[in-house]
Amino acid sequence: MSETIDMANRYLFNTYKRHPICLKRGKGCVVWDEEGREYLDFVGGIAVCALGHGNPVLAQVMFEQAKELVHVSNLFYTRPQAELARLLVENSFGDKVFFCNSGAEANEAAIKLCRKYSNEKYGPGRHTIISMFNSFHGRTMATLSATGQDKIKQGYEPLLEGFRFVPFNDLEALGELLDETVCGIIIEPIQGEGGVVPAKAEYLRKVREICTQRDILLIFDEVQVGMGRTGRLFAYEHYGVEPDILTLAKAIANGLPMGAMIAKGFLADAFGPGSHASTFGGTPLICKVALAQLKLLLSEGFLEGVREKGEYFQRALERLKQDYKIIKEVRGKGLILGMELTIPGTDIVDGCRERGLLINCTQERVLRFLPPLIVSRKEINHGVEILKEVLKKEKG
Ligand SMILES: *Cc1c(COP(=O)(O)O)cnc(C)c1O
């Protein structure tokens, strides 16, 4: 094993199950390890590096802004933050933005806003948030409490009160939990960590109706699927259903840590001065990078290209399904694709890495593909070729 890996194992908490390689450099959709081995990166920093590695435009923006101003705190106004908020609002359902540093923090903000709004309007006691089984909303205590997966909650009890869970895409089950204590419903339009499981359109439409009727706030967690991943800037656009609150992070600044919450204007008063804050949230440096990234995502033909490449990739994976019985289902939208297997996926993931393709596996059996959005058809072909070889070898 390499010196770096030994060092990391000695000095870092062992909180991650890591691949036994140490990555050093990247360009576009390719990364290289310390030994100079090359890998096609279809993990993309877990849906973070939308514009790939070593993007020259973003690097230049980072460099220029770093010389100009990195951070001053939210005691002051800065232009990049205002401009980024404006561009997000102009291209979404929302009116107001709050910046933070991660997906979990964006969801924390959403949970707090839900409770605050409800508390101010209806008084105490209306604080329940309904979440879905198999959802993932983060690892802080509140977002862990909001997450519908027991395995990552064990040992951290007592969790935060006020979360209830229902099966995803099950309207009847949801109906049974609705009572006067409910102030919010949090949903990933496509469950990412849950195994790339899309919401049904009819389900989201009905949930929206219920929320509107009962003044329950609908939160869409688009931390993983927002910012162009599905071939639309936001995944909710595919459904024609708007949330009251949207959370973003992962791809928003191509790898610099940032989270954001976008909400409708009627929620503005619930988050007044002193109600919520973040020291690092929305620094000029990160906002400038996010702004450049967002402009590129919105540039002519970019998202259309993501949709086309996504369909191309999905068809290629569907074709593999005809030849390999261990493939149960292929699903996803744009460039978040999942391949559910009938067996655990670890050997396939390892086999791909050994042949120069990085992918990951969620829920034990779902291979997940999250290439940078700038991936080429040639790279998709190459990735599918490697996967095919591994499937052939593993399960002949
Ligand atoms: C990754 C993720 C989070 C948590 O984001 P962090 O930046 O790791 O805190 C929350 N929700 C979803 C849907 C995610 O995919």
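Residues numbered from 1 in each chain as written. Predicted model: local features only at pLDDT ≥ 70, side-chain atom pairs only at ≥ 80, totals over all residues. Heavy atoms only, no water.

### Describing helix H3 (residues 56-68)
Definition in use: Only DSSP runs of H or I with at least four residues qualify as helices, and only runs of E with at least two residues qualify as strands; both kinds are numbered from the N terminus onward. One less than the number of residues in a helix, times 1.5 Å, gives the span that helix is expected to have. Note on classification: 1.4 Å probe, protein chains only; a residue is buried when its accessible area is under 20% of the maximum for its type, exposed when over 50%, partly exposed between these limits. Note that the arc is defined by the directions from the helix axis to the C-beta atoms. Note on contacts: a residue pair qualifies if any of its non-hydrogen atoms lie within 4.5 Å across the two residues. Two N or O atoms form a polar contact when they lie within 3.5 Å of each other; inside protein one atom must be a possible hydrogen donor and the other a possible acceptor, and for residues adjacent in sequence the pair counts only when both atoms belong to side chains.
Look at H3: 18 Å from first C-alpha to last across 13 residues, which is about the 18 Å you get at 1.5 Å a residue. The complete set of buried residues in H3 reads Leu58, Val61 and Gln65. End-on, the buried residues of H3 take up no more than an arc of 60°, which puts them together on one face. Of the exposed residues in H3, those oriented more than 90 degrees away from the buried face are Pro56 and Lys67. Of the surrounding secondary structure, the elements contacted by the buried residues of H3 are helix H4 (79-90) and helix H10 (284-297). Sitting at the amino-terminal end of H3 is asparagine 55, which places a side-chain oxygen 3.0 Å from the backbone nitrogen of valine 57.

### Quick word on the site of the ligand
For clarity, the threshold we go by: Any residue with at least one heavy atom within 4 Å of a molecule or strand is counted as near it. Per-residue accessibility takes into account occlusion by the displayed protein chains alone, with areas from the Shrake-Rupley method and a 1.4 Å probe.
Within the structure, the ligand sits among Ser102, Gly103, Ala104, Asn107, Phe136, His137, Gly138, Glu188, Asp221, Val223, Gln224 and Lys250. Glutamine 224 has a polar side-chain atom sitting 2.7 Å from an oxygen atom of the ligand. For the ligand, whose free accessible area comes to 380 Å², the fraction covered by protein is 81%.

### Points about the sheet that holds strand E14 (residues 336-341)
Which entries qualify depends on this criterion: In this analysis, strands are considered paired if DSSP registers two or more bridges between them. Convention adopted: a line fitted to C-alpha atoms gives each axis, helices being fitted over their contacting stretch, and angles between N-to-C directions are expressed from 0 to 180 degrees.
Read across the open sheet, the four strands follow the order E13-E14-E17-E16; overall the sheet is antiparallel. If you trace the sheet from one side to the other, it starts and ends with strand E13 (327-333) and strand E16 (360-362), each paired once. Between one strand axis and the next, the sheet turns by 30° as a mean value, whatever way the strands run. With four bridges connecting them, E14 and strand E17 (residues 366-369) associate as antiparallel partners. Looking at the pairing, leucine 337 lines up with phenylalanine 369 of E17. Of the strands in this sheet, E13, E14 and E17 touch helix H11 (residues 302-323), which is tilted by about 175° from E13.

### A closer look at the pairing of strand E12 (residues 259-263)
Summarising burial for E12: five of the five residues are buried, a large majority. By the alternation rule, side chains of E12 split into Gly259, Met261 and Ala263 and Ala260 and Ile262, which are all buried. Relative to E12, strand E4 (residues 96-100) is paired through five bridges, and the arrangement is antiparallel. Within the sheet, the bridge partner assigned to lysine 96 lies in E12 and is alanine 263. Pairing geometry for strand E11 (residues 245-248) and E12, over four bridges, is antiparallel. Bridge assignment links isoleucine 245 to a residue of E12, and that residue is alanine 263.

### Some points on the pattern of salt bridges
Rules: Salt bridges are defined as contacts in which a side-chain nitrogen from Lys or Arg sits within 4 Å of a carboxyl oxygen from Asp or Glu.
Throughout the structure, instances matching the rule amount to 15 salt bridges. We note a salt bridge from lysine 116 to glutamate 120, for which the minimum N-O separation is 2.7 Å. In this pair, lysine 116 and glutamate 120 are both assigned in helix H5 (residues 103-122), four residues apart and thus about one turn of the helix distant. Of the charged contacts, one joins arginine 331 and glutamate 329 as a salt bridge, the two residues approaching to 2.7 Å between their closest N and O atoms. Several salt bridges converge on common partners, so that one network encompasses Lys328, Glu329, Arg331 and Glu340.

### Thoughts on the pairing of strand E3 (residues 38-41)
The pairing of strand E2 (residues 30-33) with E3 spans three bridges and is antiparallel. Bridging from a neighbouring strand, valine 31 pairs with tyrosine 39 of E3. In sequence, E2 turns back onto E3 through a hairpin of four residues, with glycine 36 there showing a positive phi of about 85°. Summarising the sheet, E3 and strand E15 (residues 357-358) pair through two bridges and their orientation is parallel. From the neighbouring strand, aspartate 41 faces E15, where its bridge partner is leucine 358.

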